[in-house]
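Structural description and commentary
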Amino acid sequence: MTSAFKADPAFDPGSIAVCDWPLCQVRLQDDARFPWLILIPRRSGLREIEDLAGPERAALMEEIVRAGAVVRLLGETAGRPVHKLNVAALGNVTAQLHVHVVGRRPDDGLWPDPVWGRGAAVPYGAGALQAAASRIRLSPGG
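What comes next concerns the included structure. (Residues numbered from 1 in each chain as written. Predicted model: local features only at pLDDT ≥ 70, side-chain atom pairs only at ≥ 80, totals over all residues. Heavy atoms only, no water.)

Regarding the packing of aromatic side chains
Across all of its chains, the model carries two aromatic pairs by this definition. Ring centres of Phe34 and Trp36 lie 6.1 Å apart, and the angle between their planes is 70°; this geometry places the pair in the edge-to-face category. In this structure, Phe34 and Trp36 share a single accessibility class: buried. Aromatic side chains Trp36 and Trp116 sit 6.4 Å apart centroid to centroid with 80° between the ring planes, which places their arrangement in the edge-to-face category. Of this pair, Trp36 sits in strand 3 (residues 36–41) while Trp116 sits in the loop between strand 5 (99–104) and helix 2 (126–138), and the two are 80 residues apart along the sequence. Owing to a relative accessible area of 5%, Trp36 belongs among the buried residues under this scheme. Through a chain of ring-to-ring contacts, three or more aromatic side chains come together here, namely Phe34, Trp36 and Trp116. (Phe/Tyr/Trp six-rings, centres within 6.5 Å; stacked < 30°, edge-to-face > 60°. Buried < 20%, exposed > 50% of the residue type's maximum accessible area, 1.4 Å probe, protein only. Helix = DSSP H or I, 4+ residues; strand = E, 2+ residues; numbered from the N terminus.)

Details of the sheet that holds strand 3
The strands that make up a sheet pair up through hydrogen bonds in the backbone, lying either parallel or antiparallel. Here we have five strands laid out as an open sheet, ordered 1-2-3-5-4, and antiparallel in their pairing. Where the open sheet ends on each side, the last strands, each with one partner, are strand 1 (15–20) and strand 4 (84–88). Put simply, the sheet's adjacent strands are angled 25° from each other on average, direction ignored. Across five bridges, strand 2 (residues 24–29) lies against strand 3 in antiparallel orientation. Each bridged residue has a counterpart across the sheet, and for Arg27 the counterpart in strand 3 is Ile38. (Pairing = 2+ DSSP bridges. Axes fitted to C-alpha atoms, helices over the stretch in contact; angles between N-to-C directions.)

Digging into the pairing of strand 3
Counting buried positions over the six residues of strand 3 gives six, a clear majority of the element. Here strand 3 shows two buried faces, one formed by Trp36, Ile38 and Ile40 and the other by Leu37, Leu39 and Pro41. Bridge analysis of strand 3 against strand 5 gives four bridges, and the strand direction is antiparallel. Counted as the bridge partner of Trp36 is Val102 from strand 5.

This is the structure in structure tokens:
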């Protein structure tokens, strides 16, 4: 990990840092409508996936797959199994390289539209947010 890494403060109001994986800081989006993780490679100055060296791009893909499994686990735990994973590295609002991994269901209220910038987030509540964060930390590979 590069010591100069710092997640953009723009992530703080809507998500919490849960743990670090080999490449990425793992954050839980505070929106109970969707099981939703954000992966931020812990390298300073990254804006695009192409800014990562080849082995780190491969590591990012592995962590995206790992995050998908955790998102599915969060959905199952909440009694709302994930039908489809949405994965995106948008960066239009926050330029720092980050990847969203969002679990979607046909009955999630925004289906089939994208979740970004659509509707007001529904916060988990302190206890539920911490419980979800604990499930992420305790999940295989979490």
